[in-house]
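Reading the structure
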Amino acid sequence: MWPFRGKTEARREPLGPLAARYVVIDTELTGLDERRDSIVSLGGIRVVEGRIDLADRYYEVARPAAELTPTSIVLHNITPEETNGRPEIGGLLQGFLDFCGRDVVVGHFVEIDLQFLAKELARAHLPPLANRAVDTWPLYDWLAGRPPLDGGAGLPRLHDPRLHELAQALDVPPAREHHALTDAFVTAQVFQRLLLRLPRWEVGTLDQLLRIGDPVRAREGGHRDDATAPLA
């Protein structure tokens, strides 16, 4: 009977962060006003057991409901000619939901992406994206706010929470900014580097990671007063 007892006990072990599946996402928008602006492109890439799977990725350009402004064209390098003939975002969302599956969603200030996705999913009469989520900024900020427990060097505190700054601090190679897929790839590399460091802070369960990287902490902004509080 011992082999069966062993399997039962193994199932009760809390899932470690490295063992989980993640989908790192990014959206590019015509602007940040939820009432007027819309999604112009969607990108995603899979991270499984700490490895970035370059073959398992998602990228689509949508015909936005809001008009592309000169600023957004310069920022995203997506022109009206490129969006003409493309489906509206509602026609792409089922494929995006299928790509995400039940994996943990990861992003940088991902709550903005999730809010626009929630609006468009509701408009398309599709179910909400109910996946658990981790944000790379509060995760980085929490780790940088305390020394690792192994006595080694920690992470530098950053006062600029932009993705480029985190990437630079973690030696992630620079890439084209404001492109949904390359931003998702850079975020995946940032997340991967943080994921591999978690044991140094004794962050050993997925639940702990979800609590530290709660996207709400990113919305509350900057260095929170509880950044040095213990992980209880």
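Relevant structure appears above.
I will try to describe carefully the structure that is included in this document.

Parameters at a glance
Residues numbered from 1 in each chain as written. Predicted model: local features only at pLDDT ≥ 70, side-chain atom pairs only at ≥ 80, totals over all residues. Heavy atoms only, no water. Phe/Tyr/Trp six-rings, centres within 6.5 Å; stacked < 30°, edge-to-face > 60°. Lys NZ or Arg CZ within 6 Å of the ring centre and 35° of its normal. Pairing = 2+ DSSP bridges. Helix = DSSP H or I, 4+ residues; strand = E, 2+ residues; numbered from the N terminus. Axes fitted to C-alpha atoms, helices over the stretch in contact; angles between N-to-C directions. Contact = heavy atoms within 4.5 Å. Core = buried A, V, L, I, M, F, W, Y, C linked by side-chain atoms within 4.5 Å. Buried < 20%, exposed > 50% of the residue type's maximum accessible area, 1.4 Å probe, protein only. Polar contact = N/O pair within 3.5 Å; in protein donor to acceptor, adjacent residues only side chain to side chain.

Glancing now at the packing of aromatic side chains. Following the criterion strictly, the structure yields 4 aromatic pairs and no others. Three or more aromatic residues joined by ring pairs form one cluster here, namely Tyr58, Phe96 and Phe99. Stacked on the ring of Phe99, the Lys or Arg Arg46 has its end atom at 4.4 Å from the ring centre. One Lys or Arg, Arg146, reaches over the ring of Trp142 and ends 3.7 Å from the middle of that ring.

Moving on, we get to the sheet that holds strand 5 (residues 133-135). In sheet architecture, strand pairing relies on hydrogen bonds along the backbone and comes in two forms, parallel and antiparallel. Read across the open sheet, the 5 strands follow the order 3-2-1-4-5; overall the sheet is mixed. The sheet is open, and its two borders are formed by strand 3 (51-61) and strand 5, each paired with just one other strand. Strand-to-strand twist of the sheet, defined as the mean angle between neighbouring strand axes without regard to direction, takes the value 25 degrees. In the sheet, strand 4 (residues 104-107) pairs with strand 5 via 3 bridges, with the strands oriented parallel. Residue pairing for strand 5: Gly107 is matched across the bridge by Asp135. Taken strand by strand, helix 5 (residues 110-123) contacts strand 1 (21-29), strand 2 (39-48), strand 4 and strand 5, and its axis lies near 75 degrees from that of strand 1.

Nonpolar side chains tend toward joint burial in soluble globular proteins. Formed by 37 residues in total, the largest nonpolar core has its most connected members in Tyr22, Leu139, Tyr140 and Leu209. Secondary-structure elements contributing two or more residues to this core are strand 1, strand 2, strand 4, helix 6 (136-144), helix 7 (163-169), helix 8 (180-197) and helix 9 (206-212). Per element, the largest residue contribution to this core is 7 residues, and it comes from helix 8. Setting aside residues up to four positions removed in sequence, Leu139 forms contacts with Val134, Phe191, Leu194, Leu198, Leu209, Ile212 and Gly213. If you look at the next biggest cluster of nonpolar residues, it comprises 22 residues, including Ala62, Leu92, Phe96 and Leu129.

Attention shifts here to the pairing of strand 3. Pairing between strand 2 and strand 3: 8 bridges, direction antiparallel. Among the inter-strand pairings, Ile45 is bridged to a residue of strand 3, identified as Arg57. Counted along the chain from strand 2 to the antiparallel partner strand 3, the turn is 2 residues long, and its residue Glu49 has a positive phi close to 50 degrees.

For helix 6, the tally of buried residues reaches 9 of 9 residues, placing the bulk of the element in the interior. Turning to helix 6, its buried residues are Thr136, Trp137, Pro138, Leu139, Tyr140, Asp141, Trp142, Leu143 and Ala144. Turning to helix 6, the residues buried within the fold contact strand 4, strand 5, helix 7, helix 8, helix 9 and helix 10 (215-220). N-cap assignment for helix 6: the residue whose side-chain oxygen lies 2.8 Å from the backbone N of Trp137 is Asp135.

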